[in-house]
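Listed below are the residues making up each chain.
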Amino acid sequence: MNSSPKVSAEASAAATDIDALLAVLRPKLHRYCARMTGSVIDGEDVLQDALIKAVEAFAAASPISNPEGWLFKIAHNTALDFLRRRSRQASMQSAEEVEMIAEQLDDVTRRQIAATSLRTFMRLPVGRRSSVILSDVLGCSLQEVCEIMNLSLPAAKAALHRGRSQLREIADEPEDAPLPKLSDADRDRLGAYIAHFNARDFDAIRAMIADDVKLELVNKSRMNGKTEVSRYFGNYSGAGDWHLVSGLVEGRPAILVFEPSQANARPKYFMLLGWCADKVATIRDFRYAPYVIEGADYRFVPAEAIRSKSR
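Being a predicted model, the structure only gives us computed values, none of them experimental.

**Structural notes on the overall build of the chain**
- Counting secondary structure elements, the chain contains twelve helices and seven strands.
- The proportion of buried residues among the 311 residues of the chain is 50%.
- Split by element, the accessible area of the chain, about 15200 Å² in all, is 51% carbon and sulfur.

**Comments concerning the packing of helix α7 (residues 126-137) against helix α8 (residues 142-149)**
- It is the contact of α7 with α8, at a shortest axis distance of 10 Å, that shows an interaxial angle of 135°. Compared by their axis directions, α7 and α8 come out oblique. Every pair of crossing elements has a handedness; the one defined by α7 and α8 is right-handed. Across the interface between the two elements, Gly-127, Ser-130, Ser-131, Leu-134 and Ser-135 from α7 touch Val-145, Ile-148 and Met-149 from α8.
- Partitioning the contact of α7 with α8 into residue classes produces four nonpolar, four polar and no charged.

**Here's the deal with the sheet that holds strand β2 (residues 221-224)**
- Taken in spatial order, the seven strands make up an open sheet running β2-β1-β6-β5-β4-β3-β7, and their pairing is mixed. Only two strands of the sheet have a single partner each, and these edge strands are β2 and β7 (298-300). Between one strand axis and the next, the sheet turns by 30° as a mean value, whatever way the strands run.
- Alignment of strand β4 (residues 252-258) against strand β5 (residues 269-276), held across three bridges, turns out to be antiparallel. Residue pairing in the sheet places Leu-256 in a bridge with Phe-270 of β5.
- Sheet contacts for helix α3 (residues 40-61): β1 (209-217), β2, β3 (243-249), β4, β5 and β6 (279-285); angle to β6, the most-contacted strand, approximately 70°.

**As for the side chain of Ser-39**
- On the secondary structure map, Ser-39 appears in the loop between α2 (18-37) and α3.
- A distance of 2.9 Å separates the side chain of Ser-39 from the backbone nitrogen of Asp-42, its partner in a polar contact.
- Discounting residues that sit within four places of it in the chain, Ser-39 has contacts with Ala-34, Leu-118, Glu-250 and Arg-252.

**A short note on the pairing of β1**
- In the sheet, β1 pairs with β6 via five bridges, with the strands oriented parallel. Directly across from Leu-217, in β6, lies its bridge partner Asp-285.
- Of the pairings in the sheet, the one linking β1 to β2 comprises four bridges and is antiparallel in character. Following the sheet pairing, Lys-214 is matched in β2 by Asn-224.
- Where β1 folds back onto β2 in an antiparallel hairpin, the turn is made up of three residues, including Asn-219, whose phi is positive at roughly 75°.

**Quick look at the side chain of Thr-37**
- As for its position among the elements, Thr-37 is in helix α2.
- Judged by relative accessible area, Thr-37 falls into the buried class, the value being 2%.
- Reaching out from Thr-37, the side chain makes a polar contact with the backbone oxygen of Ala-34 at a distance of 3.4 Å.
- Within the structure, the side chain of Thr-37 is placed 3.1 Å from the backbone oxygen of Ser-39, a separation counted as a polar contact.
- The contacts of Thr-37, once residues within four sequence positions are left out, are Asp-42, Gly-43, Val-46, Phe-82, Leu-83, Arg-86 and Met-122.

**A look at the pattern of salt bridges**
- Applying the stated criterion to the full structure yields 18 salt bridges.
- One salt bridge in this structure joins Asp-203 and Arg-206, with 3.2 Å as the shortest N-O distance. Taken as a pair, Asp-203 and Arg-206 lie in helix α11 (residues 202-208) at a separation of three residues, close to a single helical turn.
- Residue classification places Asp-203 among the exposed residues on the basis of a relative accessible area of 58%.
- Arg-206 sits in the partly exposed class, given a relative accessible area of 23%.
- Salt bridges linked by common partners bring Asp-45, Glu-216, Arg-222 and Arg-284 together as one network.

**Comments concerning the packing of aromatic side chains**
- Scanning the model with the defined rule gives 15 aromatic pairs in all.
- A connected cluster of aromatic rings, assembled from ring pairs, spans Tyr-193, Phe-197, Phe-202, Tyr-232, Phe-233, Tyr-236 and Trp-242.
- Here the guanidinium or amino end of Lys-220 rests over the ring plane of Tyr-288, the centre of that ring lying 5.0 Å away.

**So, the environment of Ala-155**
- Residue placement: Ala-155 occurs in helix α9 (residues 153-171).
- With a relative accessible area of 6%, Ala-155 lands in the buried category.
- With 28 residues separating them along the chain, Ala-155 and Gly-127 place their C-alpha atoms 9.6 Å apart.

**Some points on helix α12 (residues 225-237)**
- Given a rise of 1.5 Å per residue, 13 residues ought to cover 18 Å, and the 19 Å separating the end C-alpha atoms of α12 matches this to within 8%.
- Gly-225, Val-229, Ser-230, Tyr-232, Phe-233 and Tyr-236 are the residues of α12 that are buried. Axial view of α12: buried residues confined to an arc of 155°, hence all on one face. Seen from the open side of α12, the exposed residues pointing more than 90 degrees away from its buried face are Thr-227, Arg-231 and Asn-235.
- Looking at the buried side of α12, the elements it contacts are α10 (184-198), α11, β1, β2, β5 and β6.

About the thresholds
Residues numbered from 1 in each chain as written. Predicted model: local features only at pLDDT ≥ 70, side-chain atom pairs only at ≥ 80, totals over all residues. Heavy atoms only, no water. Helix = DSSP H or I, 4+ residues; strand = E, 2+ residues; numbered from the N terminus. Buried < 20%, exposed > 50% of the residue type's maximum accessible area, 1.4 Å probe, protein only. Areas by Shrake-Rupley, 256 points an atom, 1.4 Å probe, with all protein chains shown as cover. Axes fitted to C-alpha atoms, helices over the stretch in contact; angles between N-to-C directions. Parallel < 35°, antiparallel > 145°, perpendicular 65-115°, else oblique. Left-handed = near helix turned anticlockwise from the far one by under 90°. Contact = heavy atoms within 4.5 Å. Nonpolar A, V, L, I, M, F, W, Y, C, P; charged D, E, K, R; others polar. Pairing = 2+ DSSP bridges. Polar contact = N/O pair within 3.5 Å; in protein donor to acceptor, adjacent residues only side chain to side chain. Salt bridge = Lys/Arg side-chain N within 4 Å of Asp/Glu carboxyl O. Phe/Tyr/Trp six-rings, centres within 6.5 Å; stacked < 30°, edge-to-face > 60°. Lys NZ or Arg CZ within 6 Å of the ring centre and 35° of its normal. Expected span 1.5 Å × (residues − 1). Arc of directions from axis to C-beta.

Encoded structure:
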């Protein structure tokens, strides 16, 4: 695609190796899926479904002349399936094809659109959202937008024009939504888990997890049960590149992970915990999928606000 000639070249070179192809394009595919679903977390779920479909279809589809476009089309259709399931109705833009010139944007405007929050993108109808993301965030040409979305050129131009116009209108609205907060229960549970983790007291952590705990190391592996998951904590005990802080990601209680030597930097990745009867039932760790936090709506919870059960 136009904005990433290096990636496209690597993708072309990897076209005969599905694993290499997915490794090259996964972060870029996630940017698209996250903006389509309005969530970096849901976007990763959609991406995983899309990659399964791609692996299953790869042998029959080979040779693939445009591997990047082929994968984006699968991701696009998978995202639409997700949105239809979530809304229980097809919400694609009208098939009306109005001949319209898609205006050329300057670099400043393109950067502003690329930085638009995920929640703002979700206010666009699906067709407009997809066309703006493909064109202005990922740098696709109009021809590529047409191929991925199965649209005619007039329809793609119309969707892009309307999407850009709607984003401009949204940008002028005041932002007065209240900030999400951690509940007392989440603050206590996360505080205890983080305090033990940062102290490298993994025996205390193991006492907090359920016997049938499930772990997903996103983009790497899955583990089930306390015995298997204990190895995961062992790996962290041997690493020194992390410091955990409580916070919120897209309004969900989360653990933000930082480089210890870079206190003022952005978090490198995050973790999500699921609870059952005050035991950790699920762990989702994005250590091997750092691209997921790009563009995420996250915020910190001050350390002094955490009333840890360990105190």
